[in-house]
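Structural overview for review
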Amino acid sequence: MTIGVLSGSVTQQFIAGRYQLANQRIYEGITGRESGVKDAASGTIDAFASDGMLLVGEALRQGLTQSQYSVIPEQPLTCISYGMILPASDTEWKETVNNFIRNQSSTNLLEKVLGRNSPFLPMSVADRDKCI
């Protein structure tokens with residue numbers, strides 16, 4: 001089995017430790033995720049591991065439909081925290097982001113903005129339920 005990962009990422013380390021018998025294909029640079037998703041969807045590699053939301057976003061950017069890919073497992077593999085960089089002086093934006101993350105109504109907002117059938121909704125609920 002060949003699993004693609006982004007070079008130097010925490011995911012690369014996680015996959016190496018968790019799936020030791022798998023071969024890793026390392027994707028480099030700013031086009032790494034794009035190439036990895038393309039290769040996974042075409043069957044060139046068996047899987048590409050990265051942040052689930054970013055994978056779905058890249059699949060949609062490439063014009064893939066939900067019938068052309070799967071994101072597994074339904075629960076995130078890890079709860080490794082990601083961060084956001086904000087201007088230090090913008091405390092209002094910081095509080096807005098923190099409230100959105102803490103508030104379960106964020107799912108309602110995503111549904112309103114993206115639509116009830118958005119592939120992002122089940123992922124955001126699964127991430128929230130497992131990791132918060």
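Residues numbered from 1 in each chain as written. Predicted model: local features only at pLDDT ≥ 70, side-chain atom pairs only at ≥ 80, totals over all residues. Heavy atoms only, no water.

A few points about the overall build of the protein
How we decide: A run of H or I in DSSP becomes a helix once it reaches four residues, and a run of E becomes a strand once it reaches two; helices and strands are each numbered from the N terminus. Only protein chains enter the accessibility calculation, which uses a 1.4 Å probe. A residue is then buried if its area is under 20% of the maximum for its type, exposed if over 50%, and partly exposed in between. Residue contacts are counted whenever heavy atoms from the two residues lie within 4.5 Å of one another. The Shrake-Rupley method, run with a 1.4 Å probe, gives the accessible areas here. Residue values count only the displayed protein chains as cover.
On a plain count of helices and strands, the protein comes out with 6 helices and 3 strands. Put simply, the protein has 132 residues, and 29% of those count as buried. Long-range pairs, those at least 24 residues apart, make up 47% of the contacts in the protein with a sequence separation of at least 6. Carbon and sulfur atoms make up 53% of the accessible area of the protein, which totals about 9,100 Å².

Here's the deal with the packing of aromatic side chains
Rules: Between rings of Phe, Tyr and Trp, where Trp is taken as its six-membered ring, a pair exists when centres lie within 6.5 Å; planes separated by under 30 degrees are stacked, by over 60 edge-to-face, and by other angles tilted.
Under the counting rule described, the total for this entry stands at 1 aromatic pair. Ring geometry for Tyr-27 versus Phe-48: centroids 5.4 Å apart, planes at 90 degrees, classification edge-to-face. On the criterion of sequence distance, the pair formed by Tyr-27 in strand β2 (residues 23-27) and Phe-48 in strand β3 (residues 47-48) is long-range, its members being 21 residues apart. Relative accessible area serves as the criterion here: at 9%, Phe-48 is assigned to the buried category.

Some thoughts on the side chain of Asp-51
For clarity, the cut-off: Only four residue types enter the tally: Lys and Arg on the positive side, Asp and Glu on the negative side; His and the chain ends are excluded. Take a side-chain nitrogen of Lys or Arg and a carboxyl oxygen of Asp or Glu: if they are within 4 Å of each other, that pair is a salt bridge. A 3.5 Å cut-off defines polar contacts: any pair of N or O atoms within that distance qualifies, except that in protein one atom must be a possible hydrogen donor and the other a possible acceptor, and neighbouring residues in sequence count only when both atoms are side-chain atoms.
Within the secondary structure, Asp-51 is located in the loop between β3 and α3 (52-61). Of the side chains with opposite charge, Arg-33 comes closest to the buried, unpaired Asp-51, at an N-O distance of 6.7 Å. A polar side-chain atom of Asp-51 sits 3.1 Å from the main-chain amide nitrogen of Met-53.

Some words on the sheet that holds β2
Spelled out, the test is: Should DSSP find at least two bridges between two strands, the strands are taken to pair. An axis is simply a line fitted to the C-alpha atoms; with a helix, the fit covers only the stretch in contact. Between two such axes, the angle follows the N-to-C directions and lies from 0 to 180 degrees.
Across the sheet, which stays open at both edges, the 3 strands sit in the order β2-β1-β3 with parallel pairing between neighbours. Two strands close off the open sheet at either side, each with one partner strand: β2 and β3. Relative to β2, strand β1 (residues 2-6) runs parallel, the two being bridged by 5 bridges. Within β2, the position partnered with Val-5 by the bridge is Ile-26. Most of the contacts of helix α1 (residues 10-18) go to β1, to which it runs at about 150 degrees, and overall it touches β1 and β2.

Considering the nonpolar core
To keep it simple, the criterion reads: Here, the term nonpolar core denotes a set of buried Ala, Val, Leu, Ile, Met, Phe, Trp, Tyr and Cys residues that are joined through side-chain atoms within 4.5 Å.
Among the nonpolar cores identified, the biggest contains 11 residues, and these are Leu-6, Tyr-27, Val-37, Ile-45, Phe-48, Leu-55, Val-56, Ala-59, Leu-64, Tyr-69 and Phe-120. Those residues in contact with Leu-64, other than ones at most four positions away along the chain, are Val-37, Ala-41, Ala-59 and Tyr-69. Of all hydrophobic cores here, the second largest spans 6 residues; its members include Ile-3, Val-5, Phe-14 and Ala-49.

Quick notes on unusual backbone geometry
With an omega of -10 degrees, the peptide bond between Ile-72 and Pro-73 qualifies as cis. Counting through the fold element by element, Pro-73 comes out in the loop between α3 and α4 (91-102).

Brief notes about the pairing of β1
Stated formally: The handedness of a crossover follows from its direction of travel: if, with the strands pointing away from the viewer, the path from the first strand over the helix to the second runs clockwise, the crossover is right-handed.
Counting buried residues in β1 gives 4 out of 5 residues, a clear majority hidden from the surface. With respect to chirality, the unit in which β1 leads through α1 into the neighbouring parallel β2 is right-handed.

Some remarks on α3
Condition: This arc corresponds to the set of directions leading from the helix axis out to the C-beta atoms.
Along α3, the residues classified as buried are Gly-52, Leu-55, Val-56, Glu-58 and Ala-59. Taken end-on, α3 shows its buried residues confined to a sector of 160 degrees, consistent with a single buried face. Near the N-terminus of α3, the side chain that reaches the backbone nitrogen of Met-53, with its oxygen 3.1 Å away, is that of Asp-51.

Such coordinate-based values are descriptive only and should not be taken to indicate function.
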